[in-house]
Amino acid sequence: AQSVTQPDIHITVSEGASLELRCNYSYGATPYLFWYVQSPGQGLQLLLKYFSGDTLVQGIKGFEAEFKRSQSSFNLRKPSVHWSDAAEYFCAVGAGANAGKSTFGDGTTLTVKP
Amino acid sequence: SQTIHQWPATLVQPVGSPLSLECTVEGTSNPNLYWYRQAAGRGLQLLFYSVGIGQISSEVPQNLSASRPQDRQFILSSKKLLLSDSGFYLCAWMLGTGVSGELFFGEGSRLTVL
């Protein structure tokens, strides 16, 4: 069975500082990996996804993530955080056409200090 | 463009009362449809998914049921709500024939059972 671990429940960074959110997955084949963002009381929005090819993927809002098969990781990064990035971030792993059965991590809440 | 609508946005119901949450998708055909529940401080738990009209798969045993009476309509129901049914319910869709695996989420329905 597939699983996702986000080790950090809550992260606080200063505005303008760099950010890295960690994600580790467990899956028997090549995974489809996703990062979603959720603002309070809202649905989730896709930030980026990895299916194959270049292991460094670019997403919206200046985010990027790197797939490292040897570490079973898919960490999300941003070089300079803006106050509007404060939200909850979810990593998810799927399985191709059946990827609607994506498994989500418990999420990391990001707080941005002025 | 595709859109997804969920209603009601907020619902407060007494224990033992029935429930009906509705979700509709516009701008696409034969989507895969999903109901997720998000408990406070937790990730997303997949409750039901559907790959076509009348086809429902349940992921976890529970007090809820789902139906898909039309191609782009997905309904979450309960005959008698429990306190443990409280949570944030998210409907999502995915292209049924593609392999992108990206989920598009509605804005959510917050259910409080008293």
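Residues numbered from 1 in each chain as written. Chains lettered and ligands numbered in written order. Predicted model: local features only at pLDDT ≥ 70, side-chain atom pairs only at ≥ 80, totals over all residues. Heavy atoms only, no water.

> Give a detailed account of the overall build of chain B, specifying residues and quantitative values.
Tallying secondary structure elements over chain B gives 0 helices and 11 strands in all. Along chain B, helices and strands appear, N-terminal first, in the series β-β-β-β-β-β-β-β-β-β-β. Computed over the C-alpha atoms, the radius of gyration of chain B is 13 Å, within 12% of the 13 Å expected from 2.2 N^0.38 for a compact globule of 114 residues. Projected onto its principal axes, the C-alpha coordinates of chain B cover approximately 40 × 30 × 25 Å. (Helix = DSSP H or I, 4+ residues; strand = E, 2+ residues; numbered from the N terminus. Rg over C-alpha atoms; globule rule 2.2 N^0.38 Å.)

> Could you give an account of the sheet that holds strand E8 (residues 73-78) of chain B, with specific residues and numbers?
Residues and elements named next belong to chain B. The strand order E1-E3-E8-E7 describes an open sheet built from 4 strands, whose pairing is antiparallel. Both outer strands of the open sheet, strand E1 (3-7) and strand E7 (65-70), are each paired with one neighbouring strand and no more. Adjacent strand axes in the sheet meet at a mean angle of 20°, parallel and antiparallel pairs treated alike. Sheet topology places strand E3 (residues 19-26) next to E8; 6 bridges connect them, and they run antiparallel. When the bridges of E8 are listed, glutamate 22 appears paired with isoleucine 75. (Pairing = 2+ DSSP bridges. Axes fitted to C-alpha atoms, helices over the stretch in contact; angles between N-to-C directions.)

> Please give an account of the layout of surface pockets that cites residues and values.
The rolling of a water-molecule-sized probe over the atoms marks out the regions of remaining empty space. Within this model, the largest pocket holds a volume of roughly 320 Å³. Listed by contribution, the elements that provide at least two residues to the lining of the largest pocket are strand E11 (103-104) of chain A together with strand E4 (32-38) and strand E5 (44-52) of chain B. A total of 3 residues in the lining of the largest pocket trace back to one element, the largest contributor, which is E5(B). Within the lining of the largest pocket, the residues separate by chemical class into 5 nonpolar, 7 polar and 5 charged. Its volume calculated, the second largest pocket comes out at about 170 Å³. Together, 14 residues line the second largest pocket, and B:Gln38, B:Ala39, B:Ala40, B:Phe88 and B:Arg110 are the ones closest to its centre. When the residues that make up the lining of the second largest pocket are grouped by side-chain class, the tally is 4 nonpolar, 8 polar and 2 charged. (1 Å grid on protein atoms, 1.4 Å probe; cavity = no way out; pocket = protein on both sides within 12 Å on 5 of 7 lines; lining within 4 Å. Points joined across faces, edges and corners; volume = space filled by probe spheres on them. Nonpolar A, V, L, I, M, F, W, Y, C, P; charged D, E, K, R; others polar.)

> Please set out the packing of aromatic side chains residue by residue, giving values where relevant.
All names here are of chain B. Under the counting rule described, the total for this entry stands at 15 aromatic pairs over all chains. Taking the centre distance of 6.1 Å and the plane angle of 25° together, the rings of tryptophan 35 and phenylalanine 74 count as stacked. In this pair, tryptophan 35 is assigned in strand E4 and phenylalanine 74 in strand E8, connecting sequence segments 39 residues apart. Side by side, tryptophan 35 and phenylalanine 74 carry an identical accessibility label, which is buried. (Phe/Tyr/Trp six-rings, centres within 6.5 Å; stacked < 30°, edge-to-face > 60°. Buried < 20%, exposed > 50% of the residue type's maximum accessible area, 1.4 Å probe, protein only.)

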